[in-house]
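# Summary of structural features
Below, each chain spelled out in residue letters.
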Amino acid sequence: MVSLTKIYTRGGDKGETSLGDGSRRSKANLRVEAYGTVDEANSCVGLIRLHTTGEIDALLGNIQNDLFDLGADLCRPEGDEAKNPEKAAAALRISATQVEAIETACDKFNEDLADLTSFILPGGSDAGAYMHLARTVTRRAERLCVALADEETVNPEAVKYLNRLSDLFFVLSRYCNDKGKNDVLWVPGANR
């Protein structure tokens, strides 16, 4: 468990931060950008939860925990874990089971939605609008993870999780907009 007795450490005053393996990186490093954006997505989920209850709120609570797991995954570079089973066991990684749980939720909430007849603009209910915000931040986190994977080893399940999660936020935005009946539809060229 984590025990924090002091919040500021002055360790980042020169623009660097420590990763989960103890190595130091610039705060502008792609890995730091990736897990920082996952944290931003998690904050968006916190905003959504101000407007949800019941089953959706419980699902979002699970997602927030998963996003923290994902941040832990990304802040600990993969490397010599294959040679050291103790390090491998200590590294928290997103699993295929977590990805499957998002897929199951996506399928479940998509079943009752009205058919799509147009692209959707972000909006509708408070929860629906915040779901769109979470969706776009999650897509950015995914793009950063893909870019990071071009340079360093990244858990492939982490990228899959973000991809499915952004889809789930889209589905849930529609679900929160009276199952799609109150979606804000795009009208191409409406203001020409």
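Use the structure listed above.
Residues numbered from 1 in each chain as written. Predicted model: local features only at pLDDT ≥ 70, side-chain atom pairs only at ≥ 80, totals over all residues. Heavy atoms only, no water.

Attention shifts here to the overall build of the protein. Across its full length, the protein carries six helices and four strands. Reading the helices (α) and strands (β) of the protein from amino to carboxyl end gives β-β-α-α-α-α-β-α-α-β. A burial count over the protein gives 40% of its 192 residues as buried. In the protein, the share of contacts with a sequence separation of at least 24, taken over all contacts with a separation of at least 6, comes to 71%. Taken as a whole, the protein presents about 11000 Å² of accessible surface, with 51% of it coming from carbon and sulfur. Averaging the locations of the 23 positively and 30 negatively charged side chains of the protein gives two centres separated by 5 Å. (Helix = DSSP H or I, 4+ residues; strand = E, 2+ residues; numbered from the N terminus. Buried < 20%, exposed > 50% of the residue type's maximum accessible area, 1.4 Å probe, protein only. Contact = heavy atoms within 4.5 Å. Areas by Shrake-Rupley, 256 points an atom, 1.4 Å probe, with all protein chains shown as cover. Lys, Arg positive; Asp, Glu negative; His and termini not counted. Charge placed at Lys NZ, Arg CZ, Asp CG, Glu CD.)

Applying the stated criterion to the full structure yields 12 salt bridges. The residue K108 makes a salt bridge to E55 at a minimum N-O spacing of 1.8 Å. Linking K108 in helix α4 (residues 96-110) with E55 in helix α2 (residues 54-75), this pair joins segments that are 53 residues apart in sequence. As a salt-bridge pair, D73 and R93 come within 2.9 Å of each other at their nearest N and O atoms. Taken together, the positions of D73 in helix α2 and R93 in the loop between α3 (85-90) and α4 put the pair 20 residues apart, joining distant regions of the chain. Each member of the pair, D73 as well as R93, carries the same accessibility label: buried. (Salt bridge = Lys/Arg side-chain N within 4 Å of Asp/Glu carboxyl O.)

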